[in-house]
Amino acid sequence: LGNSLKAILAFVPSNKCQKYLLEDLEEMPVDKIFFLSGRQMRRLPVHICSFFLLVKLYLSDNNLNHLLFFLEQLQNLQILALDFNNFKALPLVVCTLKQLCILYLGNNKLCSLPLELRLLQNLKTLWIESNCLQYLPEVVCELSLLKTLHAGSNALRGLPRRLQGLQELRTIFFSGNLLSEFPPVLLDIFFFEVIDVDRNSIRHFPFFFHLPGLKLVIYDHNPFFFAPKVAKGVRRVGRWSEETPEPRKRSGAVIDITFFLKPLLPPAAKAEPD
């Protein structure tokens with residue numbers, strides 16, 4: 001009943017209704033963190049933008065499709081969560097928050113990202129999963145400090161060659177896309193720790209012996225025949241991984257061992273990745 005009431009009040013622009021949605025969040029929190037997720041909000045309250053020392057702002061699971069330009073006053077913001085909303089385009093005001101380290105944009109309706117995203121040169125983690133991306137926006141390749149990229153559950157068919165310039169990149173999640181081959185550009189980023197290409201259409205995997213920092217490869221639910229070849233100590237999640245032998249030829253026939261492990265998924269969007 002509470003959520004239903006909030007959903008109705010979200011349409012009413014009066015100050016009393018908006019205050020009810022925000023409950024008692026009228027003062028700057030001591031820990032400099034605002035949790036406004038799941039409030040059924042359709043607009044960001046203006047007074048939030050006056051808390052200049054705010055470090056973390058969680059606006060997940062609302063009904064937002066735009067943001068006030070006053071948001072640019074939050075120049076100390078390091079984490080901004082806009083996932084599970086109704087954004088069809090990333091509000092440009094987000095790109096003015098130059099101290100951002102983590103940006104959650106998953107589960108929206110984004111088909112692209114603005115060129116202004118390149119201004120976020122402190123960004124280390126970007127979540128753009130479950131959107132409408134048919135290609136990885138090239139502007140992502142200009143985020144030089146990016147360490148973690150979550151772009152699963154889109155409609156990606158390939159990756160730009162410029163991605164190899166992100167030599168700080170350590171973890172990628174591209175599960176649930178339309179990749180028909182393993183993106184060769186990923187072989188040029190030598191310090192990957194985690195590669196997730198689960199649930200694509202990849203038929204052949206290259207060798208990964210030359211990636212010295214690799215710890216985990218998630219490759220299940222692809223129409224491949226041979227599992228990726230990895231160095232000793234690297235964990236594989238998928239058919240014919242460490243837990244099951246690869247297929248053997250016997251009398252000209254191939255024995256198909258169809259054992260599936262539950263794929264390891266990236267952390268929930270509400271958690272703060274390293």
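Residues numbered from 1 in each chain as written. Predicted model: local features only at pLDDT ≥ 70, side-chain atom pairs only at ≥ 80, totals over all residues. Heavy atoms only, no water.

- As annotated in an unreviewed UniProt entry, the protein carries the name LRC10 protein and comes from Calcarius ornatus.

### Re the packing of aromatic side chains
- A full pass over the atoms with the stated rule returns 13 aromatic pairs.
- Members of the aromatic cluster, joined through ring pairs, are Phe182, Phe205, Phe208, Tyr219, Phe224, Phe225, Phe226 and Trp240.
- Across from the ring centre of Phe224, 4.4 Å away, lies the NZ or CZ of Arg239, which sits over that ring.
- Sitting above the plane of the Trp240 ring, Arg239 keeps its charged end 5.0 Å from the centroid. (Phe/Tyr/Trp six-rings, centres within 6.5 Å; stacked < 30°, edge-to-face > 60°. Lys NZ or Arg CZ within 6 Å of the ring centre and 35° of its normal.)

### Here we look at the nonpolar core
- In this structure, Leu57, Leu59, Leu67, Leu80, Leu103, Leu126 and Phe174 are the most contacted members of the largest nonpolar core, which totals 70 residues.
- Ignoring anything within four residues of it in the chain, the contact list for Leu59 reads Leu36, Ser37, Met41, Leu44, Leu64, Leu67, Leu80, Ala81, Leu82, Asp83 and Asn85.
- Ile33, Ala81, Tyr104 and Trp127 belong to the second-largest nonpolar core, a separate cluster that totals seven residues. (Core = buried A, V, L, I, M, F, W, Y, C linked by side-chain atoms within 4.5 Å. Buried < 20%, exposed > 50% of the residue type's maximum accessible area, 1.4 Å probe, protein only. Contact = heavy atoms within 4.5 Å.)

### Let's talk about the sheet that holds strand E8 (residues 194–196)
- Ordered by their spatial adjacency, ten strands build an open sheet running E1-E2-E3-E4-E5-E6-E7-E8-E9-E10, and the pairing between neighbours is parallel. Either end of the sheet is taken by a strand with one partner, and the two such strands are strand E1 (33–35) and strand E10 (235–237). Recorded for the sheet is a direction-independent mean angle of 5° between the axes of neighbouring strands.
- Bridge analysis of strand E7 (residues 171–173) against E8 gives three bridges, and the strand direction is parallel. Within E8, the residue paired with Thr171 across the bridge is Val194. (Pairing = 2+ DSSP bridges. Helix = DSSP H or I, 4+ residues; strand = E, 2+ residues; numbered from the N terminus. Axes fitted to C-alpha atoms, helices over the stretch in contact; angles between N-to-C directions.)

### Concerning the side chain of Asn200
- With respect to the element layout, Asn200 can be found in the loop between E8 and strand E9 (216–218).
- For Asn200, a relative accessible area of 7% corresponds to the buried category.
- In this structure the side chain of Asn200 is engaged in a polar contact, spanning 3.3 Å, whose partner is the backbone nitrogen of Leu178.
- Here the side chain of Asn200 touches Asp198 through a polar contact of 3.2 Å, landing on its backbone oxygen.
- Once residues within four sequence positions are removed from consideration, Asn200 is found in contact with Phe174, Ser175, Gly176, Asn177, Leu178, Leu179, His221, Asn222 and Pro223. (Polar contact = N/O pair within 3.5 Å; in protein donor to acceptor, adjacent residues only side chain to side chain.)

### A short note on the environment of Leu74
- Here Leu74 is to be found in the loop between strand E2 (56–58) and strand E3 (79–81).
- Along the chain, Leu74 and Leu53 lie 21 residues apart, while their C-alpha atoms are 6.9 Å from each other.
- In this structure Leu74 touches Ile48, Cys49, Phe51, Phe52, Leu54, Leu57 and Leu97, once residues within four positions along its chain are discounted.

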